[in-house]
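Results of the structural survey
The lines below spell out each chain.
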Amino acid sequence: MNIDNLKSSYTNYLKLNKNLSSFTWFGVGGSAEMLFLPDNIDRAISFIKDKPSELKIFVIGAGSNVLIRDNGIPGVSITTKKLNKLSIDINGIITAEAGALDINVARFAREHERTGLEFLVGIPGTIGGGIRMNSGAFGSEFKEILIDVKAINNSGIIKIFKSEELGMKYRNIDICDEWFFYSARLKTSKGIKSRIHNKMKDIIELRKKAQPTGVKTGGSTFMNTSNYKAWQLIDKAGCRGLKLGDAKVSEKHCNFIINTKKSSASEIENLGELIRKKVLESSGIKLNWEIKKVGIK
Ligand SMILES: Cc1cc2nc3c(=O)[nH]c(=O)nc-3n(C[C@H](O)[C@H](O)[C@H](O)COP(=O)(O)OP(=O)(O)OC[C@H]3O[C@@H](n4cnc5c(N)ncnc54)[C@H](O)[C@@H]3O)c2cc1C
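Conventions and cut-offs
- Residues numbered from 1 in each chain as written.
- Predicted model: local features only at pLDDT ≥ 70, side-chain atom pairs only at ≥ 80, totals over all residues.
- Heavy atoms only, no water.
- Helix = DSSP H or I, 4+ residues; strand = E, 2+ residues; numbered from the N terminus.
- Rg over C-alpha atoms; globule rule 2.2 N^0.38 Å.
- Buried < 20%, exposed > 50% of the residue type's maximum accessible area, 1.4 Å probe, protein only.
- Contact = heavy atoms within 4.5 Å.
- Areas by Shrake-Rupley, 256 points an atom, 1.4 Å probe, with all protein chains shown as cover.
- Pairing = 2+ DSSP bridges.
- Axes fitted to C-alpha atoms, helices over the stretch in contact; angles between N-to-C directions.
- Near = heavy atom within 4 Å.
- Polar contact = N/O pair within 3.5 Å; in protein donor to acceptor, adjacent residues only side chain to side chain.
- Nonpolar A, V, L, I, M, F, W, Y, C, P; charged D, E, K, R; others polar.
- Phe/Tyr/Trp six-rings, centres within 6.5 Å; stacked < 30°, edge-to-face > 60°.
- Domains from an automatic or database assignment.
- Buried area = accessible area lost by both parts, 1.4 Å probe.
- Salt bridge = Lys/Arg side-chain N within 4 Å of Asp/Glu carboxyl O.
- Expected span 1.5 Å × (residues − 1).
- Arc of directions from axis to C-beta.

Moving on to the overall build of the chain. In terms of helices and strands, the chain carries eight helices and 19 strands. Taking 19 Å as the expected radius of gyration for a compact globule of 297 residues, we find that the chain reaches 19 Å, a close match to that expectation. When the backbone C-alpha atoms are referred to their principal axes, the chain occupies close to 50 × 50 × 30 Å. By the burial criterion, 49% of the 297 residues in the chain qualify as buried. Considering only intrachain contacts with a sequence separation of at least 6, the fraction spanning at least 24 residues in the chain is 63%. When the accessible area of the chain is evaluated, it comes to approximately 14000 Å², of which 49% is carbon and sulfur surface.

Here it is in structure tokens:
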């Protein structure tokens, strides 16, 4: 289908030049040339199959790990907001659509007296974003809970990836960005509801103590490695509380950058680069961005 036909066939689900700031936790960024808002998985699949393969897609989950640049994203952006169905089978395997929020999946497992997904309560993303980032917290990560995931690529080819095939590693996977993960199967074990509940409560409490809450942020800005914790290097470089315009390094957790008022994406990115420079000078280490920076500067 050419672009004009695509636009008229999916007119109810497509927005042109749609500003994306409200789709991200940072609350910054430019517009999507086209934003596709599918109301169900079948529509998402048919759209991806119908679109010209040279038209690239960018998937936005909860937007808790992305910095969308000020001049926006060319091509099609897809939001998984409405793809959030959950089900469980007799073996306790939970099937979650890509846009299901991690916190809702954790609660769903608790309601069904299934354990193993409690750590999801503290990650403010979606299942699709969690797989892409191999997100984790409190000693658990997606790699351990994922059985397999259904995906479609930019050319409309559908494939089921087993967890082992994704090459899941610390906050990354080996599969390239052109795959849209749309439905995942997660493993759980039989648990006791009150214990699951208490574990989730403890995680929430610990988060509140360690991280800034109720602020516009992208979570951890830079990756840790087995040799260092990014926050320690940032602290040593004297960056705690450092400001650039309305972008600020959190005083509470200095691997978090906060949009304090009306920061632009470039202020946030430039503050990140300033931190990298100062850390390189003070420790000789080049920090790697964990946050995904997308779009045009
Ligand atoms: C306050 C705060 C606390 C955080 N704490 C943690 C933590 O403890 N542990 C941790 O690991 N992370 C943490 N994060 C980061 C973030 O929440 C996770 O990386 C999360 O899993 C991202 O999910 P998302 O849906 O928001 O993805 P997005 O930010 O929307 O996208 C992230 C990447 O995933 C891709 N993506 C999203 N959905 C799909 C899909 N369906 N198919 C293919 N690709 C997709 C996007 O294209 C992008 O490249 C935190 C962030 C914040 C703001």
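Following the structure, the description resumes.
The next point concerns the sheet that holds strand S18 (residues 256–259). Overall, antiparallel pairing links the four strands, which are arranged S15-S18-S17-S16 in an open sheet. Among the strands making up the open sheet, the edge pair consists of strand S15 (216–220) and strand S16 (243–244). Where helix H8 (residues 265–283) meets the sheet, its contacts fall on S16, strand S17 (247–249) and S18, and the angle it forms with S17 comes to roughly 35°.

Now for the site of the ligand. Neighbouring the ligand are 34 residues; Val-59, Ser-64, Thr-126, Gly-136 and Arg-207 lie closest to it. Here an oxygen atom of the ligand sits 2.7 Å away from a polar atom, N or O, in the main chain of Asn-65. Between the ligand and the protein, one listed contact pairs an oxygen atom with a backbone N or O atom of Gly-130 at 3.5 Å. When the free accessible area of the ligand is taken as 970 Å², the share hidden by the protein chains comes to 95%. If one sorts the elements of the shell around the ligand by residue count, helix H4 (residues 127–133) sits on top with five residues. Its residues assigned to classes, the shell around the ligand comprises 15 nonpolar, 15 polar and four charged.

Looking now at the packing of aromatic side chains. According to the stated counting rule, one finds six aromatic pairs in the structure shown. On the numbers, 5.9 Å between centres and 85° between planes, the contact of Tyr-10 with Phe-36 is edge-to-face. Of this pair, Tyr-10 sits in the loop between helix H1 (3–9) and strand S1 (14–19) while Phe-36 sits in strand S2 (residues 31–36), and the two are 26 residues apart along the sequence. Linked through ring pairs, Tyr-10, Phe-36 and Phe-47 together constitute an aromatic cluster.

Buried within helix H3 (residues 102–111) we find Asp-102, Val-105, Ala-106, Phe-108, Ala-109 and Arg-110. Within two residues after H3, Glu-113 carries a phi angle of roughly 55°, on the positive side.

On the basis of which strands lie adjacent, the open sheet formed by four strands has the order S1-S2-S5-S3 and mixed pairing. The open sheet terminates on both sides in strands that have one partner only, identified here as S1 and strand S3 (57–60). This sheet shows a mean twist of 35° between the axes of neighbouring strands, independent of strand direction. One ladder, built from four bridges, connects S3 with strand S5 (residues 73–79); its direction is parallel. What sits directly across from Ile-60, in S5, is Thr-79.

Structurally, the chain comprises domain 1 (3–79), domain 2 (86–208) and domain 3 (212–294). On a C-alpha basis, the centres of domain 1 and domain 2 stand 23 Å from each other. Taken together, the contact between domain 1 and domain 2 spans 16 residues of the former and 14 residues of the latter. Summed over both partners, the interface of domain 1 with domain 2 comes to about 1300 Å²; 71% of that surface belongs to carbon and sulfur atoms. In this assembly, domain 1 and domain 2 are joined by zero salt bridges. Run the count over domain 1 and domain 2 and you get two residue pairs in polar contact (both at pLDDT 80 or more).

The next thing to look at is helix H6 (residues 193–210). In this model, H6 (18 residues) spans 26 Å end to end at C-alpha, consistent with the 26 Å of a helix rising 1.5 Å per residue. For H6, the full list of buried residues reads Ile-196, Met-200, Ile-203 and Arg-207. Buried residues along H6 cover an arc of 55° about the axis, so they all sit on one side. For H6, exposure combined with an orientation more than 90 degrees from the buried face picks out Arg-195 and Lys-209. Buried residues in H6 make contact with H3, strand S8 (114–115) and strand S9 (136–137).

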